[in-house]
Amino acid sequence: QQYIDAGLEENYCRNPLPEIESRAFCYEKGGSNSGDWAFCSVPNCRRATPACSVANENKCGCGNVQQTNYRGTMNMTKYGDQCVEWGVQYDFNWVQELPESGLEIDSNKSEGNNFCRNPNPETNDYAWCFTDGGFICSCDVPMCN
């Protein structure tokens, strides 16, 4: 009854608890995990917040949208480490699951570009990338005014 308007009539992926969970989940039926919940691979939609008005998305990222609008070619972390292609990470298909995040496949690479981006503003406030070994590292993308 508490979540009567949360679309929980069937066992579909939903998130009736946005104050606790950041992703959609469902309860598993049958099997060894019966009754347990699991996250679903539903892509997060971008917030409808407009980027700052003087943004040049190829040169800087807006702080009010956690630099999600940055589309430049910076591919080094602020510590000088080379970013790896987004498609190299095996735990999640970033390129396919977040198609509006600027992770598109580069014509010269098969695994997606290796540019600094912020495809997950729910957990990061700035552009970042993966480095060798799967480490997440922030990039020194300038903030737009």
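Use the structure listed above.
This structure is a prediction, so every number in the text was calculated from the model and none was measured.

(A) Up close: a nonpolar patch on the surface. Together, Tyr-27, Trp-37 and Phe-39 make up an exposed nonpolar region whose accessible area comes to about 320 Å². Residue placement: Phe-39 occurs in strand S2 (residues 37-39).

(B) Spatial organisation of the state of the cysteines. In this structure the tally under the stated criterion is 3 disulfides. In this model, Cys-60 is linked to Cys-144 through a disulfide, with the two sulfur atoms separated by 1.8 Å. On the S-S bond that ties Cys-60 to Cys-144, the torsion sits near 105°, and the link is right-handed. Of this pair, Cys-60 sits in the loop between S2 and helix H1 (94-97) while Cys-144 is found in the segment after strand S4 (135-138), placing the two residues 84 residues apart along the sequence. Pair check on accessibility: Cys-60 and Cys-144 agree, each one buried.

(C) Local environment of the packing of aromatic side chains. Under the definition given, this model contains 3 aromatic pairs. Aromatic side chains Trp-86 and Trp-128 sit 5.0 Å apart centroid to centroid with 70° between the ring planes, which places their arrangement in the edge-to-face category. In this pair, Trp-86 is assigned in the loop between S2 and H1 and Trp-128 in strand S3 (residues 128-131), connecting sequence segments 42 residues apart. For Trp-128, a relative accessible area of 1% puts it in the buried group. With 5.6 Å between their ring centres and 75° between their planes, Trp-86 and Phe-130 make a pair best called edge-to-face. Linking Trp-86 in the loop between S2 and H1 with Phe-130 in strand S3, this pair joins segments that are 44 residues apart in sequence. Classification of Trp-86 by relative accessible area gives buried; the value is 0%. Here Phe-130 falls in the buried class, since its relative accessible area comes to 5%.

(D) Highlighting the side chain of Asn-114. Among the secondary structure elements, Asn-114 is positioned in the loop between H1 and S3. Overall, Asn-114 belongs to the buried group, its relative accessible area being 3%. Here Cys-83 takes part through its backbone oxygen, which lies 3.0 Å from a polar atom of the side chain of Asn-114.

(E) Geometry of the nonpolar core. One finds Tyr-70, Cys-83, Val-84, Trp-86, Leu-103, Cys-116, Ala-127, Trp-128, Cys-129, Phe-130, Cys-139 and Val-141 forming the largest nonpolar core, which totals 12 residues. Residues contacting Val-141, with those up to four places away along its chain left out, are Cys-60, Gly-61, Gln-67, Tyr-70, Met-74, Cys-116 and Ala-127. Listed in part, the 5 residues of the second largest apolar core include Cys-60, Cys-62, Val-65 and Cys-144.

(F) Fine view of the environment of Glu-104. Tracing the backbone shows Glu-104 in the loop between H1 and S3. Residues Glu-104 and Trp-86, 18 residues apart in the sequence, show an inter-C-alpha distance of 8.9 Å.

(G) Just the pairing of S4, in detail. Bridge count between S3 and S4: 4 bridges; the pairing is antiparallel. Of the residues in S4, the one forming a bridge with Trp-128 is Ser-138. Two successive antiparallel strands, S3 and S4, enclose a turn made up of 3 residues, where Gly-133 displays a positive phi of approximately 90°.

Cut-offs applied
Every chain is numbered on its own, with residues counted from 1 as its sequence reads. For this predicted model, a pLDDT threshold of at least 70 governs which residues receive local features, and a threshold of 80 or more governs which side-chain atom pairs are given and counted, while totals over whole chains, interfaces and linings are taken from all residues. To get the side-chain values, take all heavy atoms of the structure and skip hydrogens and water. Nonpolar side chains (Val, Leu, Ile, Met, Phe, Trp, Tyr) are joined into patches within 5 Å and like charges within 9 Å, using only residues with over 30% relative accessible area and no salt bridge. Here the accessible surface of atoms and residues is derived via Shrake-Rupley with a 1.4 Å probe, and residues count as covered only by protein chains that are part of the display. One speaks of a salt bridge when a side-chain nitrogen belonging to Lys or Arg is within 4 Å of a carboxyl oxygen belonging to Asp or Glu. Secondary structure elements follow DSSP: runs of H or I of four or more residues count as helices, runs of E of two or more count as strands, with numbering from the N terminus. Throughout, a disulfide means two cysteine sulfur atoms within 2.5 Å of one another. For every residue, the accessible area obtained with a 1.4 Å probe (protein chains only) is divided by the maximum for its type, and the residue is called buried under 20%, exposed over 50%, and partly exposed between those limits. For this analysis, a ring pair means two rings from Phe, Tyr or Trp (six-membered ring only for Trp) whose centres lie within 6.5 Å, classed as stacked if their planes differ by under 30 degrees, edge-to-face if by over 60, and tilted for the remaining angles. Polar contact is the term for a pair of N or O atoms within 3.5 Å; when the atoms are in protein, one must be able to donate a hydrogen and the other to accept it, and sequence-neighboring residues count only if both atoms are side-chain atoms. Nonpolar core, defined: a set of buried Ala, Val, Leu, Ile, Met, Phe, Trp, Tyr and Cys residues in which side-chain atoms within 4.5 Å join the residues together. By the convention used here, residues are in contact when the closest approach between their heavy atoms is within 4.5 Å. Each pair of strands is called paired provided DSSP finds at least two bridges between the two strands.

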